[in-house]
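Results of the structural survey
In case you want the letters, here they are:
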Amino acid sequence: MSTGRLLPLELVDKCIGSSIWVLMKDTNTELTGTLKGFDDFVNMVLEDVTEIRITDGERKEVKLDSVLLNGNNVAILVPGGAPEE
């Protein structure tokens with residue numbers, strides 16, 4: 001019997017192969033990229049990544065081929081990628 005509810009890991013699973021925006025707990029770092037996979041601890045593999053760090057009001061972007069994120073450091077996941085500025 002389906003209740004129509006979507007569990008958090010089911011939502012993340014639906015995002016595999018799509019753009020995702022990740023806000024880290026330190027609040028100064030954001031990442032956007034394509035979600036390639038994750039585990040039960042929401043450790044994630046992202047490809048075609050842009051890391052955005054904001055320090056002293058200055059925004060710095062770094063392009064990376066791929067990253068492995070520790071799920072303990074993730075604060076928010078936003079499906080669809082970062083909004084346009």
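Before going into details, it helps to say that this report is about the structure given with it. Remember, it's a predicted structure, so these values are computed and weren't measured experimentally.

Criteria and thresholds
- Residues numbered from 1 in each chain as written.
- Predicted model: local features only at pLDDT ≥ 70, side-chain atom pairs only at ≥ 80, totals over all residues.
- Heavy atoms only, no water.
- Helix = DSSP H or I, 4+ residues; strand = E, 2+ residues; numbered from the N terminus.
- Buried < 20%, exposed > 50% of the residue type's maximum accessible area, 1.4 Å probe, protein only.
- Contact = heavy atoms within 4.5 Å.
- Pairing = 2+ DSSP bridges.
- Core = buried A, V, L, I, M, F, W, Y, C linked by side-chain atoms within 4.5 Å.
- Axes fitted to C-alpha atoms, helices over the stretch in contact; angles between N-to-C directions.

1. Considerations on the overall build of the chain
Summing up its helical and strand segments, the chain has one helix and five strands in all. When the elements of the chain are put in sequence order from the N terminus, they spell out α-β-β-β-β-β. Residues classed as buried in the chain amount to 29% of the 85 residues present. Long-range pairs, those at least 24 residues apart, make up 41% of the contacts in the chain between residues at least 6 apart in sequence.

2. Some remarks on the pairing of strand S2 (residues 29-38)
Most of S2 sits inside the fold, with eight of its ten residues counted as buried. Summarising the sheet, strand S1 (residues 19-24) and S2 pair through five bridges and their orientation is antiparallel. If you follow Ile 20 over to S2, its bridge partner there is Gly 33. What sits between the antiparallel neighbours S1 and S2 is a turn of four residues, in which Thr 27 has the positive phi angle 65 degrees. For S2 and strand S3 (residues 44-55), the ladder comprises eight bridges, and the chain directions are antiparallel. Within S3, the position partnered with Leu 35 by the bridge is Leu 46. Adjacent in sequence and paired antiparallel, S2 and S3 are bridged by five residues, among which Val 42 carries a positive phi angle near 60 degrees.

3. A word on the environment of Phe 41
Structurally, Phe 41 is set in the loop between S2 and S3. Given the relative accessible area of 65%, Phe 41 is considered exposed. C-alpha separation for the pair Phe 41 and Leu 9, spaced 32 residues apart in sequence, amounts to 9.5 Å.

4. What to know about the nonpolar core
Formed by 13 residues in total, the largest nonpolar core has its most connected members in Val 22, Leu 31, Leu 35, Leu 46 and Leu 69. The set of elements that each furnish at least two residues to this core consists of S1, S2, S3 and strand S4 (58-69). Residues within four places of Leu 46 in sequence aside, it is in contact with Ile 20, Val 22, Leu 31, Thr 34, Leu 35, Asp 65, Ser 66, Val 67 and Leu 69.

5. Considering the sheet that holds S2
Strand order in the open sheet formed by five strands is S4-S3-S2-S1-S5, and the pairing between neighbours is antiparallel. Each edge of the open sheet carries a strand with a single partner, namely S4 and strand S5 (74-79). Here the strands of the sheet are splayed against their neighbours by 25 degrees on average, with no regard to which way each runs.

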